[in-house]
Amino acid sequence: MSLVVLGGGGSPFVRKVRVALAEKGLDYQHDPVNPFAPPAGYRDISPLGKIPAFKDGDRTLCDSSVICAYLEKRYPTPALYPSDPYDYARALWVEEFMDGGLVPLVGPNIFLPLVLKPLLSGGKPPEPGAEENARKVWNEQAGPLLGYLENQLGDNDWFVGDRLSIADIAVGAILVNPRHAGFAPERKRFPKLRGFLDRIWSRPSFKKLIDEDTPVFGKRSALITD
Ligand SMILES: N[C@@H](CCC(=O)N[C@@H](CS)C(=O)NCC(=O)O)C(=O)O
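Conventions adopted
- Residues numbered from 1 in each chain as written.
- Predicted model: local features only at pLDDT ≥ 70, side-chain atom pairs only at ≥ 80, totals over all residues.
- Heavy atoms only, no water.
- Patch = residues over 30% accessible without salt bridge, like charges linked within 9 Å, V, L, I, M, F, W, Y side chains within 5 Å.
- Areas by Shrake-Rupley, 256 points an atom, 1.4 Å probe, with all protein chains shown as cover.
- Salt bridge = Lys/Arg side-chain N within 4 Å of Asp/Glu carboxyl O.
- Helix = DSSP H or I, 4+ residues; strand = E, 2+ residues; numbered from the N terminus.
- Buried < 20%, exposed > 50% of the residue type's maximum accessible area, 1.4 Å probe, protein only.
- Pairing = 2+ DSSP bridges.
- Axes fitted to C-alpha atoms, helices over the stretch in contact; angles between N-to-C directions.
- Contact = heavy atoms within 4.5 Å.
- Expected span 1.5 Å × (residues − 1).
- Core = buried A, V, L, I, M, F, W, Y, C linked by side-chain atoms within 4.5 Å.

### A look at a nonpolar patch on the surface
Stage number 1. A cluster of nonpolar side chains, namely Leu-119, Leu-120 and Val-216, defines an oily patch on the protein surface of about 280 Å² accessible area.
Stage number 2. Within the secondary structure layout, Val-216 lies in helix α9 (residues 204-217).
Stage number 3. By relative accessible area, Val-216 is classed as partly exposed at 40%.

### Digging into the sheet that holds strand β4 (residues 59-62)
Stage number 1. The strand order across the open sheet built from four strands is β2-β1-β3-β4, with neighbouring strands paired in mixed fashion. The open sheet has two edge strands, β2 (29-31) and β4, and neither has a second partner. The average angle at which neighbouring strand axes cross in this sheet is 20°, direction not considered.
Stage number 2. Strands in contact with helix α1 (residues 12-23) are β1 (3-6), β2 and β3 (53-56); relative to β1, the strand with the most contacts, it is inclined by about 160°.

### Regarding α1
Owing to its 3.6 residues per turn, the α-helix aligns residues three or four sequence positions apart on the same side.
Stage number 1. Given a rise of 1.5 Å per residue, twelve residues ought to cover 16 Å, and the 16 Å separating the end C-alpha atoms of α1 matches this to within 8%.
Stage number 2. Of all twelve residues in α1, ten are buried, a share of seventy percent or more.
Stage number 3. When we look at burial in α1, the residues that qualify are Pro-12, Val-14, Arg-15, Lys-16, Val-17, Arg-18, Val-19, Ala-20, Leu-21 and Glu-23.
Stage number 4. Positive backbone phi, approximately 70°, marks Gly-25, located one or two places after α1.

### Looking at the nonpolar core
Stage number 1. Judged by nonpolar contacts, the single largest core of 69 residues is most densely connected at Leu-71, Met-98, Leu-102, Phe-159, Val-171, Leu-175 and Leu-193.
Stage number 2. Element by element, the count of residues in this core is highest for helix α4 (residues 85-120), at 13 residues.

Spelled out as structure tokens, the structure:
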């Protein structure tokens, strides 16, 4: 078997794929491609130039949702997608809600200005107003989306059904980036979601990546106090 994940560890989409691989007990190589300075020929594998891309021997794929769907068919056990048709669709929805709803808020307004730009500039502080804007977006725009997740989870352990699914992996993977930037769903406002995150982030599949990435991307996570 020669599985390769291409894409830097700071990407929530790369993280989603790496967690899915770990939950399936699959070994893989990690090639931390920078999408802004990709190796020659990268667009042959990922025509939009985005990360992650994936190799299974001489077969290549791109897009985290596509890659995870492929892994499920190729390595069905343990299943990461519910078998019930409605639960299956609901799990896909939660994944899309995170990828298409949370990432476009958190990426450009929180992770990029507070973590990535300072890192790439050799440690310069965030630009003036960046902290303020991040907090405003987190509270006012991400807040209602986190409220939706809180309600969807309710008193259940998992977002869909009675076991880990792609829905849980997506929620956990995407919310690591705000955590790295010093933002977590407040315990008082989102107690169920926060409890879920504590649980899922302590799974070996997540913990390994968080521990690996925190010294690089997650210095601000120490700012989370609640
Ligand atoms: N739908 C894609 C989104 C991938 C994506 O947007 N990746 C970002 C990094 S988090 C990227 O490669 N950005 C570089 C670019 O857009 O040029 C997926 O799920 O893999």
